[in-house]
Amino acid sequence: MNKKLLASQVVGKVCLNSTMTKKMALSALTCSLLFAMSNATAADTSVTSIADAVTQGSANVDLNLRYESVDQDNALENADALTLRTRLTLATAAYNGFTALVEFEDSRSVAGVNDYNDTNGNNADYSVIADPETTELDQAFLQYKYDGFTAKAGRQVIAIDNQRFIGPVGWRQDRQTFDAVTMQYAADALTLDYGYLYKRNRIFAEVKDIDAKDHIINASYNLALGKLSAYGYLLEEDTNVDNGIDTYGVRFAGAKDIDNIKLLYTAEYATQDADTTTTSYSADYLLGELGVVFSGLTVKLGYEVLGSDDGAYGFATPLATLHAFNGWSDQFLATPAQGLVDTYVSVGGSVVGGSWALMYHDFTADESSATVDDLGDEIDAVFTLPIDKNYTVGVKYAVYSAGDAGAGKVDADKVWLWANAKF
């Protein structure tokens, strides 16, 4: 039998059979793209057919078992969750510049430890742990590469710079992906990125995914002292009402060796305009960070401002990997209307084959009011230990102490224990 015909039949069977499982069905777009690959003209000497691309591809499994507890000083019950996230990734080898990837993700509670508000209406009298049970198509895309040009169409992970504005929220069990068309051109020190995002597949399972009309533009250039980036992120939920958030900014981050130490430095500024059906707001963003690496230790001091528009609007980053910023207790996933100033210091290093870090945050309002100025402080700690090349275990702790009562925050303690396996 002709190999090209055989490959088309294999793809067809996969797409047909996948429809038998409601939540694990391949998208029509993905199946169409795979059929297009199966009928492409081969030009690669190592992979001469779509069948070869499939058989020479890869299959990977990622298992993440995590316990999380939340203790807050309010009327909500303390939350406990033991969840297992399973991720299966199937990727083809390159064929005439094309590759395809399909990835499924499943998150389940384990051993009946599920006393938590999953954000989808279950156990609302408990504190939130944003790991709902779900099974879904995590990624499914076709990619084409030629010289320095890369194009990708379908559901995909997108991570830009330090993920302050665009990221996959990889800490949560159901990570964030995007239905999008993205393009990148890289030549020497220059990299240009553009993406059109038409759906935000968020961390709260499919029920809270959002249709969108987002444009992502980022240009970067590698200089001797670091990477200079300029960007424009034009975000809009597809709801037929004014809700645009347009952000333009510039970022510089780098490192330099000086004798026996390494100096780390980052500076970033952005301005943002946000529209609603009744009014418009504007706010600024500022980041300055200095660090040193010496004797196996990394020490950083940072100052981040998410500005306010006269106490009525706080600078927003709705597509960010938010857990990585402003404290791991996730008190500021949405910026307060008074804005947020985060002054922080961190220290980290290695011990007994693992890595550790400690961080302290002091939070204040950018636009203080009579009742809101002190937004509290937080101490974070983490230790991770690789075991062989396939396994990692870790423990993380966050303790937040509330500030002014008018800020609407309460004291909170969170603990995580996890074990990860990748094959």
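- The name recorded for the protein chain in an unreviewed UniProt entry is Alginate export domain-containing protein, from Shewanella inventionis.

## What to know about the overall build of the protein chain
For step 1, the next point in the chain: Within the protein chain, the regular secondary structure consists of three helices and 18 strands.
For step 2, the next point in the chain: The burial tally for the protein chain puts 44% of its 423 residues in the buried class.
For step 3, the next point in the chain: Within the structure as shown, the protein chain displays about 20000 Å² of accessible surface, and the carbon and sulfur contribution to it stands at 57%.

## What about the side chain of Asp 342?
For step 1, the next point in the chain: Along the polypeptide, Asp 342 turns up in strand E14 (residues 340-351).
For step 2, the next point in the chain: Despite its burial, Asp 342 pairs with no opposite charge, the nearest such side chain being Arg 164 at 7.0 Å.
For step 3, the next point in the chain: Of the polar contacts made by the side chain of Asp 342, one reaches the side chain of Asn 326; its length is 3.0 Å.
For step 4, the next point in the chain: With residues near it in sequence (within four places) discarded, Asp 342 still touches Gly 302, Tyr 303, Glu 304, Asn 326, His 361, Asp 362 and Phe 363.

## Focus on the packing of aromatic side chains
For step 1, the next point in the chain: Tallied over the entire structure, the rule returns 16 aromatic pairs.
For step 2, the next point in the chain: With 5.3 Å between their ring centres and 45° between their planes, Phe 165 and Tyr 231 make a pair best called tilted. Taken together, the residues span a long stretch of sequence, with Phe 165 in the loop between strand E5 (149-156) and strand E6 (177-187) and Tyr 231 in strand E9 (residues 226-235) at a distance of 66 residues.
For step 3, the next point in the chain: Assessed through its relative accessible area of 8%, Phe 165 is described here as buried.
For step 4, the next point in the chain: When the centroid spacing of 6.1 Å and the interplanar angle of 75° are considered together, the rings of Phe 165 and Phe 315 count as edge-to-face. Within this pair, whereas Phe 165 is found in the loop between E5 and E6, its partner Phe 315 is found in the loop between strand E13 (297-306) and E14, the two being separated by 150 residues in sequence.

## Looking at the pairing of strand E2 (residues 79-91)
For step 1, the next point in the chain: Where strand E1 (residues 58-72) meets E2, 13 bridges bridge the pair, whose relative direction is antiparallel. Bridge pairing in E2 places Leu 65 opposite Leu 84.
For step 2, the next point in the chain: The sheet contact formed by E2 and strand E3 (residues 98-115) spans eleven bridges and is antiparallel. Paired with Leu 88 across the two strands is Phe 104, which belongs to E3.
For step 3, the next point in the chain: From the end of E2 to the start of E3, which pair antiparallel, there are six residues, and Asn 96 there has a positive phi angle of about 55°.

## Considerations on empty space enclosed by the protein
For step 1, the next point in the chain: For the structure shown, the criterion picks out two cavities of 30 Å³ or more.
For step 2, the next point in the chain: Roughly 50 Å³ of volume is contained in the largest cavity.
For step 3, the next point in the chain: As for the largest cavity, its lining consists of Phe 165, Ile 166, Tyr 233, Leu 235, Thr 247, Gln 272, Ala 316, Thr 317 and Pro 318.
For step 4, the next point in the chain: Residue classes in the lining of the largest cavity are distributed as six nonpolar, three polar and no charged.
For step 5, the next point in the chain: Of the voids in this model, the second largest cavity is the one considered here, and its volume is about 30 Å³.
For step 6, the next point in the chain: Taken together, Ile 160, Asp 161, Asn 162, Phe 165, Ile 166, Tyr 233, Arg 251 and Glu 268 make up the full set of residues lining the second largest cavity.

## Observations concerning the nonpolar core
For soluble globular proteins, the rule of thumb is that nonpolar side chains tend to be buried together.
For step 1, the next point in the chain: Counting residues in each nonpolar core, the largest one holds 29 residues, and the members touching the most others are Phe 165, Ile 166 and Tyr 233.
For step 2, the next point in the chain: Contributing elements (two or more residues each) for this core: E6, E9, strand E11 (261-275), strand E12 (280-294) and E14.
For step 3, the next point in the chain: Once residues within four sequence positions are removed from consideration, Ile 166 is found in contact with Ile 158, Ala 159, Ile 160, Phe 178, Ile 216, Tyr 233, Leu 319 and Ala 320.
For step 4, the next point in the chain: Counting residues in hydrophobic clusters, the runner-up holds six residues, among them Trp 328, Val 382, Trp 416 and Trp 418.

## Overview of the pairing of strand E10 (residues 245-258)
For step 1, the next point in the chain: Pairing of E9 with E10, which is carried by nine bridges, proceeds in the antiparallel orientation. Following the sheet pairing, Tyr 233 is matched in E10 by Thr 247.
For step 2, the next point in the chain: Counting the residues between successive antiparallel strands, the hairpin from E10 to E11 contains two residues, one of them, Asp 259, with a positive phi of roughly 55°.

## Digging into the pattern of salt bridges
For step 1, the next point in the chain: Counted according to the given criterion, the structure contains 18 salt bridges.
For step 2, the next point in the chain: Among the salt bridges present, the one from Asp 179 reaches Arg 155, with a minimum N-O distance of 2.6 Å. Of this pair, Asp 179 sits in strand E6 while Arg 155 sits in strand E5; the two residues are 24 residues apart in sequence, bridging distant segments of the chain.
For step 3, the next point in the chain: Given the relative accessible area of 8%, Asp 179 is considered buried.
For step 4, the next point in the chain: For Arg 155, a relative accessible area of 15% puts it in the buried group.
For step 5, the next point in the chain: A salt bridge links Glu 268 to Arg 251; the nearest nitrogen and oxygen atoms lie 2.7 Å apart.

## Focus: the side chain of Asn 420
For step 1, the next point in the chain: On the secondary structure map, Asn 420 appears in strand E18 (residues 412-422).
For step 2, the next point in the chain: Side-chain polar atoms of Asn 420 contact the side chain of Asn 64, separated by 3.2 Å.
For step 3, the next point in the chain: With residues up to four places along the chain from it excluded, the contact list for Asn 420 reads Asp 62, Leu 63, Asn 64, Arg 85, Asn 390, Tyr 391 and Thr 392.

## Digging into a nonpolar patch on the surface
For step 1, the next point in the chain: Judged by side-chain polarity, Tyr 185, Leu 190, Leu 192, Tyr 221, Leu 223, Leu 228, Val 250, Tyr 269, Leu 286 and Tyr 303 come together as a nonpolar surface patch covering roughly 860 Å² of accessible area.
For step 2, the next point in the chain: Counting residues per element, the ones that place at least two in the nonpolar patch are strand E7 (190-201) and strand E8 (210-223).
For step 3, the next point in the chain: Along the chain, Val 250 turns up in strand E10.
For step 4, the next point in the chain: Judged by its relative accessible area of 38%, Val 250 is partly exposed.

## With respect to a negative patch on the surface
For step 1, the next point in the chain: Together, Asp 284, Asp 310, Asp 366 and Glu 367 line one region of the surface with negative charge.
For step 2, the next point in the chain: Examined against the element boundaries, Asp 366 turns out to sit in the loop between strand E15 (354-364) and strand E16 (374-387).
For step 3, the next point in the chain: Given a relative accessible area of 30%, Asp 366 falls into the partly exposed group.

Procedures and definitions
- Residues numbered from 1 in each chain as written.
- Predicted model: local features only at pLDDT ≥ 70, side-chain atom pairs only at ≥ 80, totals over all residues.
- Heavy atoms only, no water.
- Helix = DSSP H or I, 4+ residues; strand = E, 2+ residues; numbered from the N terminus.
- Buried < 20%, exposed > 50% of the residue type's maximum accessible area, 1.4 Å probe, protein only.
- Areas by Shrake-Rupley, 256 points an atom, 1.4 Å probe, with all protein chains shown as cover.
- Lys, Arg positive; Asp, Glu negative; His and termini not counted.
- Salt bridge = Lys/Arg side-chain N within 4 Å of Asp/Glu carboxyl O.
- Polar contact = N/O pair within 3.5 Å; in protein donor to acceptor, adjacent residues only side chain to side chain.
- Contact = heavy atoms within 4.5 Å.
- Phe/Tyr/Trp six-rings, centres within 6.5 Å; stacked < 30°, edge-to-face > 60°.
- Pairing = 2+ DSSP bridges.
- 1 Å grid on protein atoms, 1.4 Å probe; cavity = no way out; pocket = protein on both sides within 12 Å on 5 of 7 lines; lining within 4 Å.
- Points joined across faces, edges and corners; volume = space filled by probe spheres on them.
- Nonpolar A, V, L, I, M, F, W, Y, C, P; charged D, E, K, R; others polar.
- Core = buried A, V, L, I, M, F, W, Y, C linked by side-chain atoms within 4.5 Å.
- Patch = residues over 30% accessible without salt bridge, like charges linked within 9 Å, V, L, I, M, F, W, Y side chains within 5 Å.
- Charge placed at Lys NZ, Arg CZ, Asp CG, Glu CD.

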